[in-house]
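Observations on the model geometry
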Amino acid sequence: MQKMFSISRMVAISLLFLFISCSKKGDGNGTPNPVGEIWPQEWVLTMDFDATFVKYLQISGRLIYRSKVGIDYSLKSLSTEKDCKWLVKKAGEKAGRTMYTFQLASDTDYNWYVVTGGSVLGTLEYQLNVDVDGSTVGSEQAKFFINKVGEKNGKQLITIESVFYPGYFLINTGHTQAANGVLLSKTQAPAQFYKNFVN
């Protein structure tokens, strides 16, 4: 009886080690991470640019910028050199859809939110900004829907939609405040971001 118990325990431990060793972890260059959906998660968000560069989202001041980096540059190195590693958390549900918040992983006082601005022609603009004083925490202005749109090169592609302005997505276009900022639009094609896990 004791021998059977020991064998069962050995089998259970072996299976646990096998599961852990088979789990995919980020290799520091943006490979997919989780075996299951465990939250919160840390991402570096990139999007295609050309054969040499990718764009990534980073904080500069109170704005979020689309900056460029070489396609082969280590995302792990980038995440330590620039403010571009995002802590993504679930933030409840609305109309059956999960909402998320995006905070700077190294300083969670910095979080994304959508602000209303105006173009030089006087038309309304929705811009992705950074809240640095906590005034939007808990507000739907600081919450987003994440939409999975497929995979490319083994990495998951997503689009990001405002909860406060449903149907408005982050696009690969700047705005009045910054030419390389991030605008939200209901009519232009949403930006497709790679969800890179960087540990």
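Below, the structure is looked at part by part.

**Description of the overall build of the protein**
- For the protein, the count of helices and strands is two helices and 12 strands.
- Here the protein, with 199 residues, has 43% of them falling under the buried criterion.
- The long-range share in the protein, meaning contacts at least 24 apart out of those at least 6 apart in sequence, stands at 52%.

**Points about the pattern of salt bridges**
- Applying the stated criterion across every chain yields a total of four salt bridges.
- Note that Glu42 and Lys85 form a salt bridge whose closest N and O atoms lie 3.1 Å from each other. One end of the pair, Glu42, is in strand E1 (residues 41-48); the other, Lys85, is in strand E4 (residues 85-94), with 43 residues separating them in the sequence.
- Arg97 serves as the salt-bridge partner of Glu161, at 2.8 Å between the closest nitrogen and oxygen. Of this pair, Glu161 sits in strand E9 (residues 155-162) while Arg97 sits in strand E5 (residues 97-104), and the two are 64 residues apart along the sequence.

**A word on the environment of Phe49**
- Its place among the elements puts Phe49 in the loop between E1 and strand E2 (53-60).
- The exposure class assigned to Phe49 is partly exposed, which follows from its relative accessible area of 39%.
- Residues Phe49 and Asn172, 123 residues apart in the sequence, show an inter-C-alpha distance of 10.0 Å.
- Setting aside residues no more than four positions away along its own chain, Phe49 makes contact with Val54, Lys55 and Lys68.

**Some remarks on the nonpolar core**
- The biggest cluster of nonpolar side chains holds 27 residues, and the ones touching the most others in it are Leu45, Leu57, Trp86, Phe102, Trp112 and Leu170.
- When neighbours within four sequence positions are excluded, Leu45 is seen to be in contact with Lys55, Tyr56, Leu57, Trp86, Phe102, Trp112, Ile158, Ile160, Phe193, Tyr194, Lys195 and Asn196.
- Residues Val44, Leu78, Cys84 and Val198 belong to the second largest nonpolar core, which totals eight residues.

**Points about the side chain of Lys55**
- Along the polypeptide, Lys55 turns up in strand E2.
- Within the buried set, Lys55 has no salt-bridge partner at all; the shortest N-O distance to an opposite charge, 9.3 Å, is to Asp50.
- Separated by 3.4 Å, the side chains of Lys55 and Asn172 make a polar contact.
- Setting aside chain neighbours within four positions, we find Lys55 in contact with Leu45, Thr46, Met47, Phe49, Arg66, Ser67, Lys68 and Asn172.

**Considering the pairing of strand E6 (residues 107-118)**
- Bridge count between E5 and E6: two bridges; the pairing is antiparallel. Looking at the pairing, Gln103 lines up with Asn111 of E6.
- A loop of two residues connects E5 with E6, the two strands running antiparallel in sequence.
- Strand direction decides the pairing type here: E6 and strand E7 (residues 124-131), joined by eight bridges, are antiparallel. Along E7, the bridge assignment pairs Gly117 with Glu125.

**What to know about unusual backbone geometry**
- Cis geometry is found at the peptide bond from Trp39 to Pro40, where omega equals -5°.
- Among the structural elements, Pro40 can be located in the loop between helix H1 (2-22) and E1.
- Notably, Ala95 is not glycine yet its phi reads approximately 50°, a positive angle.

Reading the values: rules and limits
- Residues numbered from 1 in each chain as written.
- Predicted model: local features only at pLDDT ≥ 70, side-chain atom pairs only at ≥ 80, totals over all residues.
- Heavy atoms only, no water.
- Helix = DSSP H or I, 4+ residues; strand = E, 2+ residues; numbered from the N terminus.
- Buried < 20%, exposed > 50% of the residue type's maximum accessible area, 1.4 Å probe, protein only.
- Contact = heavy atoms within 4.5 Å.
- Salt bridge = Lys/Arg side-chain N within 4 Å of Asp/Glu carboxyl O.
- Core = buried A, V, L, I, M, F, W, Y, C linked by side-chain atoms within 4.5 Å.
- Lys, Arg positive; Asp, Glu negative; His and termini not counted.
- Polar contact = N/O pair within 3.5 Å; in protein donor to acceptor, adjacent residues only side chain to side chain.
- Pairing = 2+ DSSP bridges.

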